[in-house]
Amino acid sequence: MGLHMLSFILLIIGGLNWGLAIWHKDIANWGLSMGVVNVIYALVALSAVYEAATHGSRCKECKGEM
């Protein structure tokens, strides 16, 4: 699995977690230690930075190829 796919999956997980937070069902309420929760949040944040920095060079729509 490439770095792009891994970061994309983590961004999906992060987005779903934000949606679950509406009903107070986000990962912080799953009984995980705050250390584990913070690692997950950090990975999602790093994935967002990576995707924001590299998206334009990979996206066909952004490059006008669609």
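Residues numbered from 1 in each chain as written. Predicted model: local features only at pLDDT ≥ 70, side-chain atom pairs only at ≥ 80, totals over all residues. Heavy atoms only, no water.

**Here we look at the overall build of the chain**
Stage number 1. Helices and strands together make up the secondary structure of the chain, namely 2 helices and 0 strands.
Stage number 2. Its C-alpha atoms give the chain a radius of gyration of 14 Å, clearly above 11 Å, the size a compact globule of 66 residues would have.
Stage number 3. Its C-alpha atoms give the chain principal-axis dimensions of roughly 45 × 20 × 20 Å.
Stage number 4. A buried classification covers 18% of the 66 residues belonging to the chain.
Stage number 5. Across the chain, the fraction of contacts at a sequence separation of at least 24, relative to all contacts at a separation of at least 6, is 47%. (Helix = DSSP H or I, 4+ residues; strand = E, 2+ residues; numbered from the N terminus. Rg over C-alpha atoms; globule rule 2.2 N^0.38 Å. Buried < 20%, exposed > 50% of the residue type's maximum accessible area, 1.4 Å probe, protein only. Contact = heavy atoms within 4.5 Å.)

**Structural notes on unusual backbone geometry**
With the exception of glycine, the majority of residues adopt a negative phi angle, and the majority of peptide bonds are in the trans configuration.
Stage number 1. In the Ramachandran plot, H24 falls in the positive-phi region, its phi being about 60° despite a non-glycine side chain.
Stage number 2. Following the sequence through the fold, H24 ends up in the loop between α1 (3-20) and α2 (34-58).

**Concerning α1**
Stage number 1. In this model α1 runs 26 Å from its N-terminal to its C-terminal C-alpha over 18 residues, within 8% of the 26 Å that 1.5 Å per residue would give.
Stage number 2. Turning to α1, its buried residues number three or more, namely S7, L10, G14 and N17. Buried residues of α1, seen end-on, are gathered within an arc of 80° and therefore sit on one face of the element.
Stage number 3. Taken together, the buried residues of α1 touch α2. (Expected span 1.5 Å × (residues − 1). Arc of directions from axis to C-beta.)

**Focus: the side chain of S47**
Stage number 1. With respect to the helices and strands, the residue S47 is situated in helix α2.
Stage number 2. On the accessibility criterion, S47 (6% relative accessible area) is buried.
Stage number 3. Within polar-contact distance, the side chain of S47 engages the backbone oxygen of L43 at 2.9 Å.
Stage number 4. The contact partners of S47, leaving out residues within four places of it in the chain, are S7, L10 and L11. (Polar contact = N/O pair within 3.5 Å; in protein donor to acceptor, adjacent residues only side chain to side chain.)

Nothing here speaks to function; it is geometry throughout.
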